[in-house]
Every structure is written in structure tokens, then in C-alpha cells.
Amino acid sequence: MHPLFDPTRQDTAETPFPVRGGSARCILCRGAKMLCGKASCPVILRYYQSMKVAPLIDTLELDGSSPPSVFVGRIGYPKVSVGPLIPPVHGDTSILDTPEKWVGKSMDEIVAMRSQLVRGKYSVKVDQVEGGGRLVDMVRDLAMARGPAHVEASFLKKPRGGLVLSDEVQPHGPSAPLRSLDIGSLKIDRRIERAYSDTDLPAREAVLTLYKDDVSVTQIQRSFSVGAFGEESRRRFVPTRWSITAVDDTISKHLVQQVKDFPWINEYRVYESWSLDNRFIVLQMPGSWSYELVEAWYPRTTWNPHGREIAIYSSAEGYRGRSKYAEIGGCYYAARLATSEHLAGERRQATTVILREAHPGYIMPVGVWNVRENVRAAFRERPRTFESLKTALEYVQTRLDIPLSTWIRNSRVLRDRLHQRRIEEFTG
Amino acid sequence: MKLKTSQTDKLRKIFEAIVNLVDEVTLKVAPEGITIRAMDPAHVALIDFEMKKEAFDEYKVEEPLELTVDLKTVVNVLKRVEQDLVIKIKEGANALTLLSEGTMKKRFNIPLIEASEENLKVPSITFETEAELDSALFKNAIADTSIIGEYVTLKVEGDALYFTTKAEENEVEIRVDKDSCISFKKKDAKSHFSLEYLQDMAKIADIINKVKISLGNDLPLKLDFADDYTKIVFFLAPRVETE
């Protein structure tokens, strides 16, 4: 056996890559669960403090072209803040809320794009999707718009805060409570409108229909968050962060069902995408559907701020899927969408392991789109193909810094692959 | 074709034990009885099931048939029917009809689906280690080891059969002595297996009270559950930690 594959191999002093130590708490929390017991996430706070909180918008009135974009908060649920994201500029701003086009952009570019989006807030009960008043109706229509729309907002207070960060949602700029809102003429996407006006169509069906009609995942998520889908009495505002994962999960579950009927790929494949100092390696193997995302966080990266060691965590599913929410959060579902989408597209089935190295240049969370779009980008390139797992893994090792033995120790799917025998090996 | 049985519970439990392993099954109906052979999608487990015609109250089969159905649907239907069950082919339609006649007359039609053409071979192994025991003991040992880990080591050493699991700091060892077994063919052997599969297979202990465990070194495990007219054999491929 090649020493690299030896699961019992001890890491040497030159390759100090212990795992599952250090800042487990941050990786499993990512600013969302308050596991450290503090009222707000110190990691995220640190970024805020380091950033200039120059008030971009020193005014109570703002008009600009919304990409379109809306935000539904989660604080106070079931009473939440809804409202538009508005940049102080006019014109075609659609790129500002189209993560599908962001792979390749630098951290600075992403910050520059997103920090100018001012969030208007209006408090509403989640079930007041209809009859919540004119302002709520406008926010909903904006979410379903086909392109940028002219928005005039008047605030009760001046917008405050700098860049708002979250692991799941793309960052946005300062926010302020809305006094009133005016939206110029907007064209609602016909496909979305059809799902919106069908008050008997379950939300799941609406999401799948729109996905099949080539509506982008971001657009579906945006409309989903304003309760545009589902049976009439069940429509709700859904906090943006939840709607992202709900849509990733719904679509990918459906695609995985399709993939299970397709023949296995017949070689080992390695795809990759590097961006924002993240390396994504996608390894596909002949076999029935199963999937894993393994993430390695270097010290001083977002979710390993205090550790002195690389921290590795993973979530996986076998052929039957999983019933509990993934330990590593929304990124698991985002990458599962990209993976199942690719396999369904080529009508093939495979076992997939995604290995992610988040290197020290990845200094702040930008949202799960980063994982979804990088895995999609990886699949757009031609893969390297190999005839055996051994040669595929040898190649993977040349693309990643962390030793293979460490990856294997932390990957359920790889361990299974290396150790679990199959019936036909014994049928002679 | 017409099959009538009063052992609906038994059929349901057998199907429940394999529903997590396979999505669809091809039921082969022959003049001697019904059989199923199936493999899980990961090719780790193989199931061989047989129910002789004597197990049925009425068994009328003119010609051999192969009926492929969605197993989950069958299990769900079996949960809804009374003890007496009649299985037929729906005339003129591509469906299996399940009838039960209690106070309510129930009729379920389950569509037949296209079989994935597979000729599954059973591992050809001559086992030199075998232990036959009360299936409840087996189920118990699997439950014990499952609280600790994901994998179990099955081992015959000297005059005992062992189930052991280690995970992080936890360890569990279950010993079944030769004297507690119904029969015991000893030759030291040891292999590792995934408990996820064994937990499903152990469910058969609820309906068949003996199991014969056949073991080798890094070889598949064979579990034979059998009573007078019913036989369920599982093969489970091992996990091999080093090579």
C-alpha cells in the first residue's frame, strides 16, 4: 500500500495536521447558534470593528435600482423584518444580487458590491404575506421582478452599520427602518408569477417547476423568502438564510432521486475550482449515489479564528440520504445541489466526495453561494480521469496541501470506499 | 395466479427487514413457491428469500412469473391489510392485486415495474466456521454493539463466538459460549461488518427463532434464518481495515 493511503499513518512533525481539535465550536456554529454563549458572534464582530463603518448613506431618503433584492431577517421570528436591498446607484445593478456570476471575483470586489446595498426594514408577521399592507406587497413584487427596479425609500432613521456578514447569506450593507417605499414600474418574471398565482400548488412543486423552467436558484430563493409559493393558507415569509437552504435542499433531493436511476460513471474523475483562497476538489467514483463534503479550515480562517491547528469537519449521506440537518450547515446542501445537478444533466450516477481547503486568505464568510457556485464551476471544466481510486487520490494529493491520510481519516465516504468490500468480489 | 396466506405479518416483517436495503424486488413465483434475490445499491448485502408453497393456504400457479414491484409500496399495503391476504395478478393490467377480507373488503393494486436485468450470483464460499443460535441472542448482540459504534467484529475464538466494537474510548464485547449455541463448528475466524446493515437483518429474529452464522477471515458473513417453509439468507460483505 502506498504510504499516503495508510489510515494508520502518523503525521510527522513537518506536517502537523491534527484534526477535530481546537475551534470545533466555531465551525459547528458559524455565527448562527451562539454556542459560545455570547449575545453576538465575536468572530463576526471582529470584522465589523476592523471595517470602516463610514456611513455610506447619510440621509433619510434613498433612491436607486434594486438588483432586485430583498432581505427577510430571522431575528424576532415569527415577527420578522422584510424589505428591499437598495444601492445608491441607478442602472443595471443586477450583478449585485446574482451570485451565479461571482466566481472569480475577489473578496474586495464582493465587499464593494454588497456593502453599498442598504437594507430597508419593515416589521411583519411571517403569515402576513397577503394583507400586510401596500409596503409588504411592494417588497413581494420586487422579489419576483425580472430585472432591476427603481426604488425610493424613506427611512425613520439614518441607515446604520457596516457590512453585515453571515455564513449562509451574502453580505449586505447598512440598514434602517422603512417609513415608506415607492417602487417604479417593474416586470414580474412570468414563470414566477404563474407559480405565485397558483394557490393550490405546493411550495415544493413550485420550486421544482421553476428550476426546470431555468429560473436561477437565486431568483427562486428570493421569491421563496417572500412567501410567493405554496398553498394559499400556508404561505409565509421565510428568513433569507433559511430560504437559501430550503431551496438548495428541495431541488437537490429531487435531482438525487433522478440520479439514482442512472448508470454509474465508469471512471474516477477529479474536478476542481479555486477561489477566494478556497480550494475545492471534487472526486467522483463509480458507485451508487452517496455524497460528502469535507471542509478543512486553516488557522485564522473565518471559522477557525483561534485554532493553531487545521480543523476538519464533514457531513455525508449514503444512498438513503440523511434525516438530520448537516453538521456543517447550509454549504452541504449548496454543494449537493451542484453535484446532483451535474450528474442528472449527464444522466449518470456516482459516489462523490468534495474536499475543501479554506486557506488563510479566506478571511470572512461570504455566503453558501461560494460553495455552490465553485462546485458548479468545477463541473464546467473537463475532469481529469483515472482508472483507479489509487491514481485518482495520488493526483488529488498534488492539488491539496493536507495529507491524504488526514482526508481519509475524516471522510466517511472515502473510508468506506477503501475498506468496505463488495459482494461481487466473492462470487468468483 | 392466486396465492392465499394467513401469515401476512410474517411477510410484512420480512419485507420490512429488507426495505432499507433494496428499493424494488423481483418476486419469482414458481409452482414450488416464491423466491426473491436482491442486492443493495452499494453491492454490500445480498438477500435470498424463499417461501415454499406449503406456507400458503392456497397456492395456484400455472406458470412461473416474475413480478417486479416497489418494495416500499408493498410494505405500506401490508401494514393496512388484515391477517388473511390474497395475492393475484390484475387481469389485463400490469399490476399486482392484494385483497384482504375482514369486516372491510380491501383491494390494493400495485403497478408492476420494469425489472433491472441483473443475474445476481451468490458468493461461493465454503465456510469452516459456523454457529447456530437463538436468533434473539443475535439480535440482542447487534443492539448491544450498535450503541457504541458503526462497525462490529464477529469472531470465533476457541469455544465462543464474540461480537466486539470499539469506538473512541468505548468498547463492548458480547460473548456467546459454545454451550449456549445450538450447533457450533469451530475454526477461529474473524471479520468486520457494518452495523447499519446488520440492524436491518436482525429484524428477522422477530419471526424466525434460529439463525446460523457462517464466518471466515475477511470474508462475507452469511446469516441463515429458516423455519419449516421459509428461508432468508443474507450475505454481507466485510470491511477490511488494512490491505
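Each remark here, short or long, concerns the structure printed above.
Residues numbered from 1 in each chain as written. Chains lettered and ligands numbered in written order. Predicted model: local features only at pLDDT ≥ 70, side-chain atom pairs only at ≥ 80, totals over all residues. Heavy atoms only, no water.

(A) Region of interest: the overall build of chain B. Across its full length, chain B carries four helices and 18 strands. Here the C-alpha atoms of chain B give a radius of gyration of 19 Å, agreeing with the 18 Å that 2.2 N^0.38 yields for 243 residues. Along the first, second and third principal axes, the C-alpha set of chain B runs to 60 × 35 × 35 Å. Each of the 243 residues in chain B was classed as buried or not, and the buried ones make up 50%. Contacts in chain B between residues at least 24 apart in sequence constitute 66% of all its contacts with a sequence separation of at least 6. (Helix = DSSP H or I, 4+ residues; strand = E, 2+ residues; numbered from the N terminus. Rg over C-alpha atoms; globule rule 2.2 N^0.38 Å. Buried < 20%, exposed > 50% of the residue type's maximum accessible area, 1.4 Å probe, protein only. Contact = heavy atoms within 4.5 Å.)

(B) Geometry of the packing of helix α6 (residues 203–212) of chain A against helix α7 (residues 217–225) of chain A. All names here are of chain A. At a closest axis distance of 10 Å, the pairing of α6 and α7 adopts a crossing angle of 155°. Here α7 runs roughly antiparallel to α6, going by the angle between their axes. Both α6 and α7 take part in a crossing whose hand is right-handed. Contacts between α6 and α7 involve Ala203, Val207, Leu210 and Tyr211 from the former and Val217, Ile220 and Phe224 from the latter. For the contact of α6 with α7, the residue count by class is seven nonpolar, no polar and no charged. (Axes fitted to C-alpha atoms, helices over the stretch in contact; angles between N-to-C directions. Parallel < 35°, antiparallel > 145°, perpendicular 65-115°, else oblique. Left-handed = near helix turned anticlockwise from the far one by under 90°. Nonpolar A, V, L, I, M, F, W, Y, C, P; charged D, E, K, R; others polar.)

(C) Geometry of the pairing of strand β9 (residues 290–297) of chain A. Residues and elements named next belong to chain A. Most of β9 sits out of view: eight of its eight residues are buried. Of the two faces of β9, both are covered, the one formed by Ser290, Glu292, Val294 and Ala296 as well as the one formed by Tyr291, Leu293, Glu295 and Trp297. Note that β9 and strand β10 (residues 311–317) share seven bridges and pair antiparallel. Following the sheet pairing, Glu292 is matched in β10 by Ala316. (Pairing = 2+ DSSP bridges.)

(D) Main features of the interface of chain B and chain A. Every contact between the two is made by 32 residues of chain B and, on the other side, 19 residues of chain A. Counting each side, the surface lost to burial between chain B and chain A is near 2100 Å², with a carbon and sulfur contribution of 48%. At the junction of chain B and chain A, the tally comes to three salt bridges. Its salt-bridge partner being Arg239 of chain B, residue Asp416 of chain A comes within 2.7 Å of it at the nearest N-O pair. (Buried area = accessible area lost by both parts, 1.4 Å probe. Salt bridge = Lys/Arg side-chain N within 4 Å of Asp/Glu carboxyl O.)

(E) Molecular detail of the pattern of salt bridges. Under the definition given, this model contains 42 salt bridges over all chains. Arg372 of chain A is paired through a salt bridge with Asp248 of chain A; the nearest N and O atoms lie 3.0 Å apart. Of this pair, Arg372 of chain A sits in helix α10 (residues 369–380) while Asp248 of chain A sits in helix α8 (residues 240–259), and the two are 124 residues apart along the sequence. Each of the two residues, Arg372 of chain A as well as Asp248 of chain A, counts as buried. Taking the shortest distance from any N to any O, the salt bridge between Lys139 of chain B and Asp206 of chain B comes out at 3.0 Å. With Lys139 of chain B in helix α3 (residues 135–146) and Asp206 of chain B in the loop between α4 (195–201) and β16 (210–215), this residue pair connects regions lying 67 residues apart in the sequence. Take Lys139 of chain B: its relative accessible area is 31%, and that puts it in the partly exposed class. With a relative accessible area of 45%, Asp206 of chain B lands in the partly exposed category. Members of the salt-bridge network, linked through shared partners, are Asp248, Glu341, Arg372, Glu373 and Arg376 of chain A.

Everything listed here is a matter of geometry and, on its own, says nothing about what the molecule does.
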